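The chain contents come next:
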Amino acid sequence: MRTKVLLAALFAAVCCTQMAAQPFAKENFPEGSYSPVTNVNRNSYPRVLKDASVMFRVNAPEAQKVQIDLCGTKYDMTRDERGTWRVTTKPQVPGFHYYFLLIDGVSVADPASQTFYGCSRWSSAIEIKEDGCADFEVQDVPRGEVRTVYYYSKVDETYRPLMIYTPAGYNESTQQYPVVYIQHGGGEDHRGWMEQGRTAQIMDNLIAAGKAVPMIVVSANSNVQARSGGFGGGYSWQGMQNFRNELIDNVIPFVEKNYRAKPERKYRAMCGLSMGGGQSFYIGLRSPEVFANVGVFSTGMFGGIQGASNFDLEKEVPGMLSDVQGFNKNLDVFFITCGEQDPRISHTRNIVKKMQDAGIQVRFAAYPGDHEWQPWRKSLHQFAQYLFK
């Protein structure tokens, strides 16, 4: 019975909110507000106001309670006599934020929003503009392509997707290109960097401006579990083995066979955010025969998340402190970043200082923002400018 009630509520939630995607009269829009690029209809709600607060408007006349869950904060909406619900949030920081509608206790994606795979489910999102971030937008420059292709995984024993960015001119040229293997965070997949992260826009604009060399960017789904069992994840070297095998034994050979990728370690980079940052740290740094460039963005393994404490650099990457000269020699670029409001920031700063005090050649940057896409876009934007030069 409970299942039937929940399914009925979910059906009602979707039906009641369909009109949220319809345009409202323009004269009803608050002055100076704009419809974010994440909206399905660019002439509708939600609206971003002058102070970066967000106004939501939802038609759900049969609902008893409607809320907006934005970045983990729930806002109660107010119903008028026509069954239209409204609320204005507090001002939001710039960037990309997941949100959900809660209708009579059922959490659903908003049909007024495009959907993105995040938070381990299909999610709504809202994009808050930030000045000075034109490189994250489509510009009038030569543009590359993003393709979804499938390769056979001997780890998962099935075909699995990759999203691959090739730079402008790739199809017409015969040259080989360096490659960045870029990893998503927990609750996301191979689509994250190409869709939420705006990888193609960032790379197109940097390459066109001469700030980055033309390169291929490969985004794999690291949510892999070996059919034969074994370690499935976790912030440890052992926990990385399934994906390490997937990446090195399956993904890289597929890319180098099917794309004009330079096969030398000097022309390979690995980077990622959060969970992907941990993967990049362990796999990238402990595989110097494969990668000469590593970027670690907003990882929690240094601290700031449950279960992370007393991170031992030498234990996790043998030789990192005992043979600093050898460690530095193996890397062309080693780059660590974190958001300034991220709970991981102090732990990240501390571990970077420990590395630098030991003589490790690591670059560090912090950007305004929490554990969210805007700092990660900026991380890729900066990392790409260091690579393959």
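Look a little higher up for the structure.
Residues numbered from 1 in each chain as written. Predicted model: local features only at pLDDT ≥ 70, side-chain atom pairs only at ≥ 80, totals over all residues. Heavy atoms only, no water.

**A look at the overall build of the protein chain**
If you tally the helices and strands in the protein chain, you get nine helices and 18 strands. Here the protein chain holds 389 residues, and the buried ones make up 54% of them. When contacts within the protein chain are restricted to residue pairs at least 6 apart in sequence, those whose partners lie at least 24 apart make up 68%. For the protein chain, the computed accessible surface area is about 17,200 Å², with 49% contributed by carbon and sulfur atoms. (Helix = DSSP H or I, 4+ residues; strand = E, 2+ residues; numbered from the N terminus. Buried < 20%, exposed > 50% of the residue type's maximum accessible area, 1.4 Å probe, protein only. Contact = heavy atoms within 4.5 Å. Areas by Shrake-Rupley, 256 points an atom, 1.4 Å probe, with all protein chains shown as cover.)

**Structural notes on the pairing of strand 7 (residues 95-103)**
The element strand 7 is largely enclosed, with a buried count of nine among its nine residues. The pairing of strand 7 with strand 8 (residues 106-108) spans three bridges and is classified as antiparallel. Looking at strand 8, one finds that Leu 102 is bridged to Ser 107. Connecting strand 7 to the antiparallel partner strand 8 that follows it, the hairpin turn spans two residues, and Asp 104 within it adopts a positive phi of roughly 50°. (Pairing = 2+ DSSP bridges.)

**With respect to helix 8 (residues 345-357)**
With 13 residues, helix 8 ought to run about 18 Å at 1.5 Å a step, and its terminal C-alpha atoms sit 18 Å apart, in line with that. Along helix 8, the residues that are buried comprise Ile 345, Thr 348, Ile 351, Val 352 and Met 355. One side of helix 8 carries all its buried residues, which in axial view fall inside an arc of 130°. Residues of helix 8 that are exposed and angled more than 90 degrees away from the buried face: Asn 350 and Asp 357. Here the buried face of helix 8 lies against helix 5 (275-285), helix 6 (313-316), strand 17 (333-339) and strand 18 (363-367). (Expected span 1.5 Å × (residues − 1). Arc of directions from axis to C-beta.)

**Concerning the sheet that holds strand 14 (residues 216-220)**
Within the open sheet, the eight strands sit side by side as 11-12-14-13-15-16-17-18. Their pairing is mixed. Whereas interior strands pair on both sides, the edge strands pair on one side only; in this sheet they are strand 11 (145-153) and strand 18. Neighbour-to-neighbour, the strand axes of this sheet turn through a mean angle of 20°, independent of strand direction. Bridge count between strand 11 and strand 12 (residues 158-166): nine bridges; the pairing is antiparallel. By the bridge assignment for strand 12, Val 146 is matched with Tyr 165. (Axes fitted to C-alpha atoms, helices over the stretch in contact; angles between N-to-C directions.)

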